[in-house]
Amino acid sequence: MSALLPALATGELTRTNEKINVALIYGSIREGRYCDTVANWACAQVRKHPQFALEIVDPAKLSLQPQLDRKENVDLNVLRACLDRADAFIVITPEYNHGYPAPLKHLIDSVSREWQAKPLAFVSYGGVSGGLRAVEQLRQVFGELHVATMRNSVSFANAWEQFDERGHLFAPARAEKSMEMMLAQLHWWAGALKDARCSIPYGIVAT
Ligand SMILES: Cc1cc2nc3c(=O)[nH]c(=O)nc-3n(C[C@H](O)[C@H](O)[C@H](O)COP(=O)(O)O)c2cc1C
């Protein structure tokens, strides 16, 4: 077990001791997507920690305007409200042609201010690269949105060989340890940036 886990479990890493709202975002909308398996695993890891309150953002269940015209739209408002509530984000992304999936980019581009001055962590999956090329590209995208991406990530190379048919990892130790480290970083940043946003609204400097 990670040495960080007891600290995280007792809330010692947060100044406010308030729950950290985490929006976990699915990167794939494909029918039969593997994203469900990876996201279910990630959700289970987050739920081990009572300091996090989890909300799921699934672009497959949202009808977002392709024109990005920001016209009033029920699903866009749902997305906006969910991301606004979030203190931190976790993106579950596969890799498509050495990049990130288009529906994920569409979701990212559909909102703006709601991302700002918040931390984001990645869980990726794919073939030999484990989705890491998609992650590195997403770091650039999120930089433009004033998002702080976590240095540590969790990745599953040849993911379909790592989970059994019930969605359990054959060898969970390494991934769980990586996830613990990443969640500890996310928790630290989420608390720090939440306090900072309360002290000084970030909109003043976000142009
Ligand atoms: C259009 C497409 C392109 C892909 N390109 C890559 C790739 O460049 N690198 C890789 O590791 N896997 C690649 N894959 C394999 C996917 O990572 C794998 O199918 C994964 O399960 C996709 O996630 P999903 O099932 O949740 O949509 C690709 C899959 C698709 C559908």
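Each chain has its residues counted from 1, following the order in which its sequence is written. Reporting of local features is limited, given that this is a predicted model, to residues whose pLDDT is at least 70; pairs of side-chain atoms are given and counted only at 80 or more, and all residues count toward the totals for whole chains, interfaces and linings. Water and hydrogen atoms play no part in the side-chain values, which are based on all heavy atoms of the structure.

**As for the site of the ligand**
Near, as used in this document, describes a residue that has one of its heavy atoms within 4 Å of the molecule or strand being considered. In the vicinity of the ligand lie 15 residues, with Ser-28, Arg-30, Tyr-96, Tyr-125 and Gly-127 positioned nearest. Under the rule applied, a polar contact is a pair of N or O atoms within 3.5 Å (in protein, one hydrogen donor and one hydrogen acceptor; residues adjacent in sequence only if both atoms are side-chain atoms). At a separation of 2.8 Å, an oxygen atom of the ligand approaches a polar backbone atom of Tyr-34. Note that an oxygen atom of the ligand is positioned 2.9 Å from one of the backbone N or O atoms of His-98. When the ligand sits alone it has 620 Å² of accessible area, and the protein chains cover 74% of it. When residues are grouped by polarity, Ala, Val, Leu, Ile, Met, Phe, Trp, Tyr, Cys and Pro land in nonpolar, Asp, Glu, Lys and Arg in charged, and all others, Gly among them, in polar. Looking at the shell around the ligand, its residues break down into 6 nonpolar, 6 polar and 3 charged. Method for areas: the Shrake-Rupley scheme with a 1.4 Å probe, in which residue coverage is limited to the protein chains shown.

**What to know about the pattern of salt bridges**
Close approach of charged atoms allows side chains of opposite charge to pair. Any carboxyl oxygen of Asp or Glu that lies within 4 Å of a side-chain nitrogen of Lys or Arg is treated as forming a salt bridge with it. With the rule as written, the count across this model stands at 15 salt bridges. Close ionic contact of Asp-58 with Lys-61 constitutes a salt bridge, the shortest N to O distance being 3.9 Å. A residue is classified by how much of its surface remains accessible, and Lys-61, at 69% relative accessible area, is exposed. Each of Glu-18, Asp-87, Lys-194 and Arg-197 takes part in one network of salt bridges that share partners. Only protein chains enter the accessibility calculation, which uses a 1.4 Å probe. A residue is then buried if its area is under 20% of the maximum for its type, exposed if over 50%, and partly exposed in between.

**Details of the UniProt feature "domain: NADPH-dependent FMN reductase-like" (unreviewed entry) in the protein chain**
When the UniProt feature table is mapped to this numbering, "domain: NADPH-dependent FMN reductase-like" (unreviewed entry) covers residues 21-160. Numbering of helices and strands runs from the N terminus, with a helix taken as a DSSP run of H or I at least four residues long and a strand as a DSSP run of E at least two residues long. Here residues 21-160 is 33% helix and 25% strand, with 30 Å between the C-alpha atoms at its ends. UniProt positions are given in the numbering used here, feature names are shortened, and annotations may be inferred rather than shown by experiment.

**A few points about the state of the cysteines**
We call a pair of cysteine sulfur atoms a disulfide whenever their separation is within 2.5 Å. Counted by the stated rule, this structure contains 0 disulfides. The closest cysteine sulfur to the non-disulfide-bonded Cys-43 is located on Cys-35, 9.8 Å from its own sulfur. Residue class for Cys-43 comes out buried when judged on its relative accessible area of 4%. Of all cysteine sulfurs, the one in Cys-82 lies closest to Cys-198, which takes part in no disulfide; the gap is 18 Å. For Cys-198, a relative accessible area of 65% puts it in the exposed group.

**Some words on the nonpolar core**
The criterion is simple. A nonpolar core is a set of buried Ala, Val, Leu, Ile, Met, Phe, Trp, Tyr and Cys residues joined through side-chain atoms within 4.5 Å. If you look at the biggest cluster of nonpolar residues, it comprises 31 residues, and the most contacted ones within it are Leu-24, Trp-41, Ile-90, Ile-92, Val-123, Phe-156 and Met-179. Only strand S1 (20-26), helix H2 (35-46), strand S2 (52-57), strand S3 (88-94), strand S4 (118-126), strand S6 (154-157) and helix H6 (173-199) provide two or more residues apiece to this core. If one sorts the elements of this core by residue count, H2 sits on top with 7 residues. The contact partners of Val-123, leaving out residues within four places of it in the chain, are Val-38, Ala-42, Ile-90, Val-91, Ile-92, Thr-93, Val-154, Phe-156, Met-179 and Met-182. Core analysis: the second largest hydrophobic core is formed by 25 residues, Cys-82, Leu-120, Val-141 and Phe-142 among them. Note on contacts: a residue pair qualifies if any of its non-hydrogen atoms lie within 4.5 Å across the two residues.

**Points about the environment of Asn-40**
Here Asn-40 shows up in helix H2. A residue is classified by how much of its surface remains accessible, and Asn-40, at 47% relative accessible area, is partly exposed. For the pair Asn-40 and Thr-93, spaced 53 residues apart in the sequence, the C-alpha separation amounts to 13 Å.

**Notes on the packing of aromatic side chains**
Working definition: an aromatic ring pair is given by the centre-to-centre distance plus the angle between the planes. For this analysis, a ring pair means two rings from Phe, Tyr or Trp (six-membered ring only for Trp) whose centres lie within 6.5 Å, classed as stacked if their planes differ by under 30 degrees, edge-to-face if by over 60, and tilted for the remaining angles. As enumerated under the stated definition, the model contains 9 aromatic pairs in all. Considering the side-chain rings of Tyr-34 and Tyr-125, the 6.3 Å spacing of their centres and the 50° angle between planes classify their relative orientation as tilted. Taken together, the residues span a long stretch of sequence, with Tyr-34 in the loop between S1 and H2 and Tyr-125 in strand S4 at a distance of 91 residues. Pairing Trp-115 with Phe-142 gives two aromatic rings, centres 5.3 Å apart and planes at 70°, and the pair type is edge-to-face.

**Notes on the pairing of S4**
Burial within S4 is extensive, with 9 of its 9 residues counted as buried. Residues Lys-118, Leu-120, Phe-122, Ser-124 and Gly-126 point to one face of S4 and Pro-119, Ala-121, Val-123 and Tyr-125 to the other, with burial holding for every one of them. In short, DSSP must find at least two bridges between two strands for them to pair. Pairing of S3 with S4, which is carried by 6 bridges, proceeds in the parallel orientation. Bridge pairing in S4 links Ile-90 to Ala-121. Across 3 bridges, S4 lies against strand S5 (residues 147-149) in parallel orientation. Within the sheet, the bridge partner assigned to Lys-118 lies in S5 and is Val-147.

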